[in-house]
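What follows is the residue order along each chain.
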Amino acid sequence: MFRRFGSKVTIIHSGPQIVAREDPEIAAELQKILEAEGIEFFLNAMQSRSCTEAAKSRLLSRVRMHNDDSGTHLLAAAGRRPNTDDLGLDKAGVETGKNGYIKVNFRLETSVPGIWAIGDVKGPPAFTHISFNDFQIIDANLTQGKNLTIENRIVPYCLYTDPELGCAGMTEKEARAAGYKLKIGRIPMTDVARAIERMRRLE
Ligand SMILES: Cc1cc2nc3c(=O)[nH]c(=O)nc-3n(C[C@H](O)[C@H](O)[C@H](O)COP(=O)(O)OP(=O)(O)OC[C@H]3O[C@@H](n4cnc5c(N)ncnc54)[C@H](O)[C@@H]3O)c2cc1C
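These numbers come from a predicted model, not from an experiment. (Residues numbered from 1 in each chain as written. Predicted model: local features only at pLDDT ≥ 70, side-chain atom pairs only at ≥ 80, totals over all residues. Heavy atoms only, no water.)

Draft legend 1. Representation of the overall build of the protein. On a plain count of helices and strands, the protein comes out with six helices and seven strands. A compact globule built from 203 residues should have a C-alpha radius of gyration of about 17 Å, whereas the protein, at 22 Å, is more than 25% larger. Each principal axis of the C-alpha distribution contributes one length, and for the protein these read about 60 × 50 × 35 Å. In the protein, buried positions account for 22% of the 203 residues. Across the protein, every contact between residues at least 6 apart in sequence was considered, and the portion connecting residues at least 24 apart equals 37%. Approximately 15,300 Å² of the protein is accessible, and the part contributed by carbon and sulfur atoms is 55%. (Helix = DSSP H or I, 4+ residues; strand = E, 2+ residues; numbered from the N terminus. Rg over C-alpha atoms; globule rule 2.2 N^0.38 Å. Buried < 20%, exposed > 50% of the residue type's maximum accessible area, 1.4 Å probe, protein only. Contact = heavy atoms within 4.5 Å. Areas by Shrake-Rupley, 256 points an atom, 1.4 Å probe, with all protein chains shown as cover.)

See the structure below:
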């Protein structure tokens, strides 16, 4: 977004690949698309010590790079944690786990009968539609006498890059690790009628 607004954007990433959970070939393709827009990447930033200094003044954050390049604004995207510290969960006896996420079972019940947790606060996957589906599960169990659970829920998700990256189910990496025999199909977007048509309209 900032690149398209005209900023020079450099991504300094600690790992060896962007979008770490995706298969390497997907991550590489996405990186290529972003680089084609002029975004620069420094991967393995810790080992290569890409960023040598970060300082904050009244108006600006300044980042200095190993190649003596520097940036004026720093956007730190280093993860999120739930806002559960001051909810008094311990007083109610609701157990939390790693990083403060509320512990739930497959029916989204907490350690206290009559208290449920839905959405991000109970831990990943953290998506809007997952929060809503959590609600649907509890609603169906409470008001319609159903016995729905989140066990084996297939999670579709989308990364709002341009073009978007959409996924459902396991990645290839996960499927291989689970020992499945795979049949893999590949269709380049240059062969997809809708993509061709949209590209024509953009030209
Ligand atoms: C930068 C970013 C990009 C994202 N992009 C996507 C995306 O593209 N697609 C997608 O599906 N998901 C995306 N997500 C995730 C999505 O926003 C969350 O999964 C979703 O909002 C979770 O809904 P929720 O109701 O569980 O929590 P939230 O939407 O976080 O709602 C929790 C609410 O509780 C309030 N609250 C907190 N503490 C208290 C308190 N003590 N008392 C009262 N109220 C309190 C908060 O103010 C907030 O309004 C993104 C998240 C971020 C941060």
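Draft legend 2. The site of the ligand, seen in detail. As a matter of local geometry, the ligand sits amid R80, N83, L87, G119, D120, A126, F127, T128, H129, S131 and Y160. Side-chain polar atom of N83 to a nitrogen atom of the ligand: 3.2 Å apart, as the coordinates give it. One of the backbone N or O atoms of F127 is found 3.2 Å from an oxygen atom in the ligand. For the ligand, whose free accessible area comes to 1,000 Å², the fraction covered by protein is 38%. When grouped by side-chain class, the residues that make up the shell around the ligand number four nonpolar, five polar and two charged. (Near = heavy atom within 4 Å. Polar contact = N/O pair within 3.5 Å; in protein donor to acceptor, adjacent residues only side chain to side chain. Nonpolar A, V, L, I, M, F, W, Y, C, P; charged D, E, K, R; others polar.)

Draft legend 3. Local environment of the sheet that holds strand β5 (residues 70–71). Taken together, the three strands give an open sheet; going across it, the order is β3-β4-β5, and neighbouring strands pair in antiparallel fashion. The open sheet is flanked by β3 (51–56) and β5, the only strands paired with a single partner. As judged from the five bridges shared by β3 and strand β4 (residues 61–65), these two strands associate in the antiparallel manner. By the bridge assignment for β4, A55 is matched with R62. (Pairing = 2+ DSSP bridges.)

Draft legend 4. Summary view of the packing of aromatic side chains. Evaluated as defined, the whole model comprises three aromatic pairs. Pairing F2 with F5 gives two aromatic rings, centres 6.4 Å apart and planes at 90°, and the pair type is edge-to-face. What makes F5 exposed here is its relative accessible area of 63%. (Phe/Tyr/Trp six-rings, centres within 6.5 Å; stacked < 30°, edge-to-face > 60°.)

Draft legend 5. Just unusual backbone geometry, in detail. Cis peptide bonds are those with omega within 30 degrees of zero, and the linkage from P124 to P125 qualifies with 5°. Locating P125 in the fold gives a position in the loop between α3 (89–92) and α4 (128–143). In this structure, the amide linkage connecting D162 to the following residue, P163, adopts the cis form with an omega of 5°. Here P163 lies in the loop between β6 (157–159) and β7 (165–167). Despite not being glycine, V19 has its phi angle at roughly 35°, a positive value. You can see V19 is positioned in the loop between β1 (10–12) and α1 (24–36). A positive phi angle, near 50°, is found at N44, a position not held by glycine.

Draft legend 6. Summary view of the environment of D69. The residue D69 is located in the loop between β4 and β5 in this model. On the basis of relative accessibility, which here comes to 28%, the residue D69 falls in the partly exposed class. Measuring from C-alpha to C-alpha, the distance between D69 and C51 comes to 9.6 Å, with 18 residues separating the pair along the chain. Those residues in contact with D69 that sit more than four places away from it in its chain are K8, V63 and R64.

Draft legend 7. Structural view of the side chain of T171. By secondary structure assignment, the location of T171 is in the loop between β7 and α5 (172–177). A relative accessible area of 10% means that T171 is categorised as buried. Look past the residues within four positions of T171 in its chain and what remains in contact with it is R21, E22 and D23.

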